[in-house]
Structure formats: structure tokens, C-alpha cells
Amino acid sequence: MSESKPGNKNSKKYIAGLSVAALGVVYGDIGTSPLYAFRESFHAEYGLVPSPANVLGVLSLIFWSLILIISIKYMILILRADLEGEGGVLVLAQLITPSGKVSKKRNYLILIGLFGAALLYGDSTITPAITVLSAVEGLEVATSFFEPYIIPITIGILVALFFFQSHGTAAVGKIFGPAMIIWFTTLAVLGVNQIVQSPEVFKAINPVYAVEFFARNGLTAFLVLGSVFLVVTGGEALYADIGHFGALPIRISWFGFVLPCLLLNYFGQGALLIQNPEAVHNPFFIMVPEWALYPMVVIATSAAIIASQAVITGAFSLTRQAIQFGYSPRMKVEQTSSKESGQIYIPAVNWTLMLVTIGLVLGFQSSSNLAAAYGMAVTSTMLITTLMFAVLTYKLWKWSLALVIPFAVFFLIIDLAFFGANLHKIPDGGWFPLVVAGLIFGLMTTWKKGRAILAKRIKAHELPFETFLDNVAKHSEVKEHDVKRVKGTAVYMSSNPKATPPALLHNIKHNRVIHEDVVILSVKTINEQPYVSDEERLQVESLGNGFYRIILHYGFKQSINIPQALELANEPGLKLKPMETSYFLGSERVLPTSKGEMPAWRDRLFGIMSHNQQKATAFFGLPANRVVELGAQIRM
């Protein structure tokens, strides 16, 4: 069975099931922010006294951040910008830059979107570190006995989490939603318990308290925005994950359950500080009754693991998109579920994330220190999303400038305020996600540029396939090389279905044979489409004299399996028997030159990436004992 996206169902029961499931995948990141976000807004570096006025000011900023950024910007507006149900910054780039048009403006937009995607990798390393570490730190509230063991316990949980990835999330995903129901319900109960003692915290709903907070604290209030932003750090995940559940279940979960629970907890933490300013060092766990501290640490750690699971899975999905879009070398992609195409595992990404995440825990030592590194990546991505969405509304949705400009200006002011407030974090750790993004962006653009140069070099020496067929028909090519037709079917992989595959020419030159049936096979990934059905998978053309041209079409979220796809072929006369079919692949070895189109260091980097990418045999699902590789050296 090839991959296909399950059909949408409109029953209330089905929508309710998806809404619950979305809790465990979509809201893990934003749902664990109460562990540290409110506390960090009163971090000692700000010198902000937890007075009732300041507490109400911070609460007002948190309330309106969740309403304006998540509820309005993402839930109501951004989630509408999907590509056949799929979302994310790379998808947004594809929407506003149709692949048929080539221009400098299009290239710039793609590069901006690509950098936004690269920033998400930095988030994928910080989220597991800060969420798990902040949950385990709750043990310190219970007793100082655990203080020396916080880091080892955190690392142990992270190692177990990353080792678990190879088993997939198909079975465990079923308990993620119910587990997060327990988590969010606990958040609400803890908050209500404090609010009933200081109900005046609801005054913070009035934005005047946020304005007065700025008027009273000036620059300090602006810097505090960098910590307030932590309450919305899961916003981009909402957009990227709509392909798993659809926009409607995500919106139902948010407005009907997640938002009320989050607000009750944040207001509860504020109520606690009004009653007890000394609780500012960890208001979340101090809200918890003493008898429930250890169970709360377990529940919080479970929620942190689920939050980490979501961003790790997101990194896997983003990497597969990058491979299919041509921005990453081939990597081993394992399907961990026979039913859900989105559940994949990429070993190289998994182990890299694990090492970097553990390094962050060892380097920063506490969730407060990690909070200094958290925010730069997400604020930058949100800024990029706003800009690209504004372009989308004007170009594709045909909004008038009278609508686009106010929308863009309003949300850009908010995004730029959060971005500016996070700039001061750069020396204290904010540089880390930017460095990660820069490295990923450099690798992606080098690979894309290198493949384009390589394709140009190959094309310069290509023989049109019609010319080759004419030679075969006239037997001139056969007689010249004493070439014989042999029984069996040969499939030659070619990126250009109109050209003669170099492997075919090499086979004739060295082995002097042409198989009875010859298939020129090309695989095309449709960047504007996440899924392609079996009915649309194959395009078969008989070229005469035993030659066939087949083009396989895949969506950007689908894994490729050529033998499986070829089983769908029913062209009369074409015999595609698995044990009688040989697959011929061209293997290019890149040789850097001093006068190449890229700098020498990028040539060498491209060569290293080419050498270490996954073998085409495994990537395309070919049987290893039926594959023949014929190599060539190409100077860049």
C-alpha cells in the first residue's frame, strides 16, 4: 500500500477525537510554558519588584499576547494559509512562490522561508532541554536533597526520550491526548485555588494595566517582553501541525480547553505573588500543595516529555520536507506507522538533537539560564511568518492594500517588539539558536546550489533520448559496439526523463547489452502537493522498440518506494517482475575545482554532503541485490 492521506470526516465524534489527539501533539510546547514563563518575567536581572501593580501589568501582557498572537493571528488567520491541509513556514514559502515562475523576488522569498525553517531546528534543541529541566527542578521545591541530582535526572530522561524515538509514536500517541487533558486540568485547578483568594487578578484583562506597566517601568518593561514571549513559543508548532489534525480540531481544542486552562494558571500564579511575593522564585510549584508536590513533578515531567516529543517529530517532518524540496541530502527515513504517513523517524536528526540537547543542559545548568537562549528563534520565525502571510493575502487571496497594510503593520509592530526585547538575550545564550539556524541555512543553500550546478554539468553532456532511440532503431549504435538485446527488464533512473541516462550509455559501452525491456524512470516531487494518490502516481509512455518512459509522482510528505509504485503499472507488453528487474543508477563523484561557481569551501562541503548522503538504493526502496551502480566523475 502506498501512502495516502486519510479522508476527512465531518462527524462530531471524529472531530472530538481529533481535538483530544491534538492536545498531545500540538499543545505540548505552549502547554508547558507555565512551568517557567511567568517566573522568568520577574527574573532577578530585570530588578522588577513583584508588587501587585507589576503582577497585574505582567498578567495583562500575558493575556493579550495569548489573545492577539495565538487566538487571532494564528488560530483565526494564519491557519487558513494551508497547502491541501499542510502548514508550516516552508509550505507558506511554496504557496507564495509558484514553482513555475523564476525571478529574483521569488528566490528571496524562498530564502527567507528557508531561514525561518532553519530557525525551528534551534527551537527543537532548546524545547526538550528547558521543558524537562524546568519540570525536574520542581523536586528542589520539595526538598534540597535532590538539588545535586537535577542535571543527571534530566539527562537520563532526555536520553530515554531520544532512544524511544526509533520505536515510533503510533501506540504512545494514543495516550498523549488524555495525558495532556490531565495536565491542563491540573493547571486550571491549581490556578483556581489561588484565584479565589485574590480574585482581583482578573483586573489584568484590562489592557490599561499593560500600558501603565510600560509607563511605570520604561526600558525594564520592554525587556520583560522577552520573557513574556515565552507564553506563546508554541505558536509556530500550531501552524506546522495542522496537517496531522486539520485546523478545526486545533481551534476547538484551543478556544474550548487549552486557552482557558492556561489563563487560569497564569492568573493563579499572579494571585499567589500578590499574596506571597517571596514565591517569585518558582510560583508554579509553590502553588502546589505540599502533599501533591511529587505527583506534580511526575505529571509536569510527563507533559514536558510530550512537549519535547512534539518538537522532535516536527524536526523529522521538516527534514523530510527539506529532502523532498531539494534542500537536504538524502537521509534514512523510517516509517514508524503503517497508517499515518506523518509518523517517521530519521536517525541522523534524532541523535544530533540528543547530543545538542544534552550539551545545552550541561552548558546552561538551569531552566532560567536556558530561558535566555529561548525566544530568539521563535520570534524571528514569527516575524518571517507575518511578512510572508501578508504577501500571501495580497498576491493569492487578493486582499486590498487597505486590509493588508493595517494587518501587516499591526502584527509587525507586535513581532518587532518581541524580537527587540529578545535581542538582549543574544550574549547570554540567544546566539545559540541563531548559530544553529545559520549552520542549517548554510548547509541547505549549499546543497541546493550544488545540485543545480551538478545538474547543469550533467545536462551539458546529455544525449536526447529521441536521438538514442533513432540510433537503436537503425542498429548503428548496436552494430558499432556489438550490442546484444538480452532478456529481462532494466530500469534506469534519470532526473531528466527526456535525456538518455548516463548509466545506460555506460552499460552499452562496457557491457555491450540492452535489455529486452528498458524503462527510463524519473521521480518527481510535487512541491505544491503533500500527497499524491495511487491513481495519479504513474505516468507511463511506450516509446517503441521495448523502451518505456515512466514518471512517478509523489507529494512532499510522502516517502518513495519505487518497486511498490511500479506494481501499479499495467502497460501492455511491459514486464516488471520483481526478481527479473534490474535497477541501474548513476553515481556521480564531485571533484571541486578552483574556478567553480561556488567558493572552494562550499565545493568541498557539497562534496562531503554528497559522499555521506544515504545511498539511493535505500532511499528509493530498491532491492539491494537487484541494483547496479555506474559511476562518473564530475568537476564542479
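Residues numbered from 1 in each chain as written. Predicted model: local features only at pLDDT ≥ 70, side-chain atom pairs only at ≥ 80, totals over all residues. Heavy atoms only, no water.

1. Side note on the overall build of the protein chain
Link 1 in the chain: In terms of helices and strands, the protein chain carries 27 helices and eight strands.
Link 2 in the chain: Burial statistics for the protein chain: of 636 residues in total, 55% are counted as buried.
Link 3 in the chain: Summarising the internal contacts of the protein chain: among those between residues at least 6 apart in sequence, 82% fall at separations of at least 24.
Link 4 in the chain: Surface summary for the protein chain: the accessible area is close to 26700 Å², and the carbon and sulfur share equals 62%. (Helix = DSSP H or I, 4+ residues; strand = E, 2+ residues; numbered from the N terminus. Buried < 20%, exposed > 50% of the residue type's maximum accessible area, 1.4 Å probe, protein only. Contact = heavy atoms within 4.5 Å. Areas by Shrake-Rupley, 256 points an atom, 1.4 Å probe, with all protein chains shown as cover.)

2. Quick word on the packing of helix 11 (residues 219-228) against helix 20 (residues 401-422)
Link 1 in the chain: At their nearest, the axes of helix 11 and helix 20 sit 7 Å apart, and the two run at 95° to each other. One way to sum up the angle between helix 11 and helix 20 is to call them roughly perpendicular. Counting all contacts with helix 11, which are made through Phe 222, Leu 223, Leu 225, Gly 226 and Val 228, the residues of helix 20 involved are Ala 417, Phe 418, Gly 420, Ala 421 and Asn 422. (Axes fitted to C-alpha atoms, helices over the stretch in contact; angles between N-to-C directions. Parallel < 35°, antiparallel > 145°, perpendicular 65-115°, else oblique.)

3. Considering the nonpolar core
Link 1 in the chain: In this structure, Tyr 27, Leu 66, Trp 183, Phe 184, Ile 250 and Trp 254 are the most contacted members of the largest nonpolar core, which totals 156 residues.
Link 2 in the chain: Of the residues forming this core, the biggest block, 15 residues, is contributed by helix 6 (residues 104-136).
Link 3 in the chain: Dropping the residues within four chain positions of it, Ile 250 is found in contact with Ala 22, Val 26, Tyr 27, Met 75, Leu 79, Leu 238, Asp 241, Ile 242 and Phe 245. (Core = buried A, V, L, I, M, F, W, Y, C linked by side-chain atoms within 4.5 Å.)

4. Quick word on helix 20
Link 1 in the chain: Spanning 22 residues, helix 20 covers 30 Å between terminal C-alpha atoms, matching the ideal 32 Å at 1.5 Å per step.
Link 2 in the chain: Within the span of helix 20, buried status applies to Val 404, Phe 407, Ala 408, Phe 411, Leu 412, Ile 414, Asp 415, Phe 418, Gly 420, Ala 421 and Asn 422.
Link 3 in the chain: Against the buried residues of helix 20 lie helix 4 (52-77), helix 11 and helix 19 (376-395). (Expected span 1.5 Å × (residues − 1).)

5. Some points on the pattern of salt bridges
Once their charged atoms are close, side chains differing in charge can pair, the charge on each being opposite to the other.
Link 1 in the chain: Counting across every chain of the model gives five salt bridges.
Link 2 in the chain: Between Lys 73 and Asp 415 there is a salt bridge, with its nearest N and O atoms 3.0 Å apart. With Lys 73 in helix 4 and Asp 415 in helix 20, this pair connects stretches of sequence that are 342 residues apart. Accessibility classification places Lys 73 together with Asp 415 in one group, the buried group.
Link 3 in the chain: For the salt bridge of Asp 534 with Arg 537, the shortest nitrogen-to-oxygen distance reads 3.6 Å.
Link 4 in the chain: The class for Arg 537 is buried, based on a relative accessible area of 1%.
Link 5 in the chain: Taken together, the salt bridges that share partners define one network made up of Glu 466, Glu 541 and Arg 549. (Salt bridge = Lys/Arg side-chain N within 4 Å of Asp/Glu carboxyl O.)

6. Some remarks on the pairing of strand 6 (residues 547-555)
Link 1 in the chain: Counting buried residues in strand 6 gives nine out of nine residues, a clear majority hidden from the surface.
Link 2 in the chain: Along strand 6, one buried face is formed by Phe 547, Arg 549, Ile 551, His 553 and Gly 555 and the opposite face, lined by Tyr 548, Ile 550, Leu 552 and Tyr 554, is buried too.
Link 3 in the chain: In this structure, strand 4 (residues 513-526) lies alongside strand 6, joined through nine bridges in parallel fashion. Across the sheet, residue Ser 522 finds its bridge partner in strand 6, namely Ile 551.
Link 4 in the chain: Pairing between strand 5 (residues 538-544) and strand 6: six bridges, direction antiparallel. Note that in strand 6 the partner of Gln 539 across the bridge is Ile 551.
Link 5 in the chain: Adjacent in sequence and paired antiparallel, strand 5 and strand 6 are bridged by two residues, among which Asn 545 carries a positive phi angle near 60°. (Pairing = 2+ DSSP bridges.)

7. Some points on empty space enclosed by the protein
Think of a ball as big as a water molecule: rolled over the atoms, this probe shows where empty space is left.
Link 1 in the chain: Counted according to the given criterion, the structure contains two cavities of 30 Å³ or more.
Link 2 in the chain: Considered as a void within the structure, the largest cavity measures approximately 350 Å³ in volume.
Link 3 in the chain: Lining the largest cavity are 22 residues, and of these Leu 120, Ala 240, Gly 314, Ala 315 and Leu 318 sit closest to its centre.
Link 4 in the chain: Mapped onto the lining of the largest cavity, the elements with two or more residues apiece are helix 5 (89-96), helix 6, helix 12 (235-240) and helix 16 (293-325).
Link 5 in the chain: Counting residues per element, the lining of the largest cavity draws most heavily on helix 16, which supplies seven residues.
Link 6 in the chain: Across the lining of the largest cavity, the residue classes break down as 10 nonpolar, seven polar and five charged. (1 Å grid on protein atoms, 1.4 Å probe; cavity = no way out; pocket = protein on both sides within 12 Å on 5 of 7 lines; lining within 4 Å. Points joined across faces, edges and corners; volume = space filled by probe spheres on them. Nonpolar A, V, L, I, M, F, W, Y, C, P; charged D, E, K, R; others polar.)

8. Quick look at the packing of helix 1 (residues 12-25) against helix 14 (residues 247-275)
Link 1 in the chain: Close contact between helix 1 and helix 14 brings their axes to 8 Å; oriented N to C, the two are set at 70°. By the criterion of interaxial angle, the relationship of helix 1 to helix 14 is roughly perpendicular. Our pair here, helix 1 against helix 14, has a crossing hand that is right-handed. Only Leu 248, Pro 249, Ile 250, Ile 252, Ser 253, Phe 257 and Val 258 of helix 14 make contact with helix 1, whose side of the interface consists of Ile 15, Leu 18, Ser 19, Val 20, Ala 22 and Leu 23.
Link 2 in the chain: Grouping the amino acids of the contact of helix 1 with helix 14 by side-chain chemistry returns 11 nonpolar, two polar and no charged. (Left-handed = near helix turned anticlockwise from the far one by under 90°.)

9. Some remarks on the packing of aromatic side chains
Link 1 in the chain: Evaluation of the coordinates by the stated rule reveals 23 aromatic pairs.
Link 2 in the chain: Centre to centre, the rings of Trp 183 and Phe 284 are 5.8 Å apart; their planes meet at 35°, and the pair counts as tilted. Of this pair, Trp 183 sits in helix 9 (residues 173-195) while Phe 284 sits in helix 15 (residues 283-286), and the two are 101 residues apart along the sequence. Summarising the burial analysis for this pair, Trp 183 and Phe 284 share the class buried.
Link 3 in the chain: One aromatic cluster is present, built from ring pairs that chain together Phe 389, Trp 397, Trp 399, Phe 407, Phe 410 and Phe 411.
Link 4 in the chain: Residue placement shows Arg 80 over the ring face of Trp 397; its charged tip is 4.7 Å from the ring centre.
Link 5 in the chain: A cation over a ring is seen here: Lys 448 above Tyr 327, with NZ or CZ 4.8 Å from the ring centre. (Phe/Tyr/Trp six-rings, centres within 6.5 Å; stacked < 30°, edge-to-face > 60°. Lys NZ or Arg CZ within 6 Å of the ring centre and 35° of its normal.)

10. Some details on the side chain of Thr 379
Link 1 in the chain: Within the secondary structure layout, Thr 379 lies in helix 19.
Link 2 in the chain: A distance of 3.0 Å separates the side chain of Thr 379 from the backbone oxygen of Met 376, its partner in a polar contact.
Link 3 in the chain: Among all residues touching Thr 379, those that are not within four sequence positions of it are Phe 229, Phe 418, Phe 419 and Asn 422. (Polar contact = N/O pair within 3.5 Å; in protein donor to acceptor, adjacent residues only side chain to side chain.)

11. Quick look at helix 26 (residues 600-612)
Link 1 in the chain: Here helix 26 is 13 residues long and its end C-alpha atoms lie 19 Å apart, about the 18 Å a rise of 1.5 Å per residue gives.
Link 2 in the chain: Here helix 26 has its buried residues at Arg 602, Asp 603, Phe 606, Gly 607, Met 609 and Ser 610. Here the buried residues of helix 26 occupy an arc of 165° about the axis, which is enough to place them on one side. For helix 26, the exposed residues set more than 90 degrees away from the buried face come down to Trp 601, Ile 608, His 611 and Asn 612. (Arc of directions from axis to C-beta.)

12. Some details on the confidence of the model for the protein chain
Interpreting fine coordinate detail is not advised for predicted regions of low pLDDT.
Link 1 in the chain: Per-residue confidence for the protein chain averages 82 on the pLDDT scale, and 89% of its residues sit at or above 70.
Link 2 in the chain: The spread of mean pLDDT over the elements of the protein chain runs between helix 23 (residues 476-481), the lowest at 49, and helix 4, the highest at 94.
Link 3 in the chain: Counting interchain partners and residues more than four positions distant, the pLDDT-below-50 stretch residues 1-8 has 20 contacts. (pLDDT = per-residue confidence, 0-100.)

13. Some points on the side chain of Thr 381
Link 1 in the chain: For Thr 381, the position within the fold is in helix 19.
Link 2 in the chain: Judged by relative accessible area, Thr 381 falls into the buried class, the value being 0%.
Link 3 in the chain: A distance of 2.9 Å separates a polar side-chain atom of Thr 381 from the backbone oxygen of Ala 377.
Link 4 in the chain: If sequence neighbours within four positions are ignored, Thr 381 has contacts with Gly 116, Leu 119, Leu 120 and Glu 236.

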